[in-house]
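Spelled out, the chains give:
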Amino acid sequence: MRWRFRDRPGCRYRIGVVGDSKALAGYAVARRATFDDRDDEILVDFLAPRGDLDTARSLMRWGADRAREDGAKHLTAALPPTSRWFLDLQRLGFLVKGTKYEWSVAWEKRPLDPAVLRREWWFTLADTDLA
């Protein structure tokens, strides 16, 4: 968290948490940036227990508050459609929109089946060079 977000030069990330140092329920990381040709508040990382809509709702509310503070019109997140959070975030008010980016992976040791990657791999914008 320190290396990737807090101490990164040239970027101002904000980290929101639900819980405390003894019982962390989830966290989110956001920043104002351009993604997919739009200047928004982007949710670059997100972690909450599967199905814990109360924690997710608190984190999304935190992200929306950061967006308003930063003057952004939208809070944007990028999730694979196979993520269990894909539908839950829609239930919390997110709308689905395509992106111009084609997600890809390179692996030198063995071929990876795209269907397996779509089904089993998780990513957030923090895993890319876009955030």
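Throughout what follows, the structure given in this document is the object of discussion.

Definitions and limits used
Residues numbered from 1 in each chain as written. Predicted model: local features only at pLDDT ≥ 70, side-chain atom pairs only at ≥ 80, totals over all residues. Heavy atoms only, no water. Helix = DSSP H or I, 4+ residues; strand = E, 2+ residues; numbered from the N terminus. Rg over C-alpha atoms; globule rule 2.2 N^0.38 Å. Contact = heavy atoms within 4.5 Å. Areas by Shrake-Rupley, 256 points an atom, 1.4 Å probe, with all protein chains shown as cover. Salt bridge = Lys/Arg side-chain N within 4 Å of Asp/Glu carboxyl O. Buried < 20%, exposed > 50% of the residue type's maximum accessible area, 1.4 Å probe, protein only. Polar contact = N/O pair within 3.5 Å; in protein donor to acceptor, adjacent residues only side chain to side chain. 1 Å grid on protein atoms, 1.4 Å probe; cavity = no way out; pocket = protein on both sides within 12 Å on 5 of 7 lines; lining within 4 Å. Points joined across faces, edges and corners; volume = space filled by probe spheres on them. Nonpolar A, V, L, I, M, F, W, Y, C, P; charged D, E, K, R; others polar. Phe/Tyr/Trp six-rings, centres within 6.5 Å; stacked < 30°, edge-to-face > 60°. Lys NZ or Arg CZ within 6 Å of the ring centre and 35° of its normal.

### Some remarks on the overall build of the chain
For step 1, the next point in the chain: For the chain, the helix and strand inventory stands at 4 helices and 4 strands.
For step 2, the next point in the chain: Beginning at the N terminus, the succession of helices and strands in the chain can be written as α-β-β-β-α-β-α-α.
For step 3, the next point in the chain: Expected size for 131 residues packed as a compact globule is a radius of gyration near 14 Å; at 15 Å, the chain falls within 12% of this value.
For step 4, the next point in the chain: Each principal axis of the C-alpha atoms in the chain carries an extent, and together these give about 45 × 30 × 30 Å.
For step 5, the next point in the chain: For the chain, contacts bridging at least 24 residues in sequence account for 58% of all contacts bridging at least 6.
For step 6, the next point in the chain: When the accessible surface of the chain is summed, it comes to about 8,900 Å², and 51% of that surface belongs to carbon and sulfur atoms.

### Focus on the pattern of salt bridges
For step 1, the next point in the chain: On inspection of all chains with the given rule, the structure shows 12 salt bridges.
For step 2, the next point in the chain: The residue Arg14 makes a salt bridge to Glu69 at a minimum N-O spacing of 2.5 Å. Within this pair, whereas Arg14 is found in strand E1 (residues 14-19), its partner Glu69 is found in helix H2 (residues 53-70), the two being separated by 55 residues in sequence.
For step 3, the next point in the chain: Under the relative-accessibility criterion, Arg14 is labelled buried at 15%.
For step 4, the next point in the chain: Connected through salt bridges with shared partners, the residues Arg12, Arg14, Arg66, Glu69 and Asp70 form a single ionic network.

### Some words on the side chain of Arg4
For step 1, the next point in the chain: If you trace the backbone, Arg4 turns up in helix H1 (residues 2-6).
For step 2, the next point in the chain: Here Arg4 falls in the buried class, since its relative accessible area comes to 15%.
For step 3, the next point in the chain: At 3.2 Å, the side chain of Arg4 and the side chain of Tyr13 are in polar contact.

### Focus: empty space enclosed by the protein
One simple way to see leftover space: roll a probe sized like a water molecule over the atoms.
For step 1, the next point in the chain: With the rule as written, the count across this model stands at 1 cavity of 30 Å³ or more.
For step 2, the next point in the chain: Size it by volume and the largest cavity reaches roughly 50 Å³.
For step 3, the next point in the chain: No other element matches the 4 residues that strand E3 (residues 38-47) contributes to the lining of the largest cavity.
For step 4, the next point in the chain: Broken down by class, the residue content of the lining of the largest cavity amounts to 8 nonpolar, 1 polar and 1 charged.

### Some remarks on the environment of Gly98
For step 1, the next point in the chain: Within the secondary structure, Gly98 is located in the loop between helix H3 (85-91) and helix H4 (114-120).
For step 2, the next point in the chain: Counting along the chain gives 26 residues from Gly98 to Ala72, while the straight-line C-alpha distance between them is 19 Å.

### Points about the packing of aromatic side chains
For step 1, the next point in the chain: Counted according to the given criterion, the structure contains 2 aromatic pairs.
For step 2, the next point in the chain: The ring of Tyr13 has Arg31 lying over it, and the distance from NZ or CZ to the ring centre is 5.4 Å.

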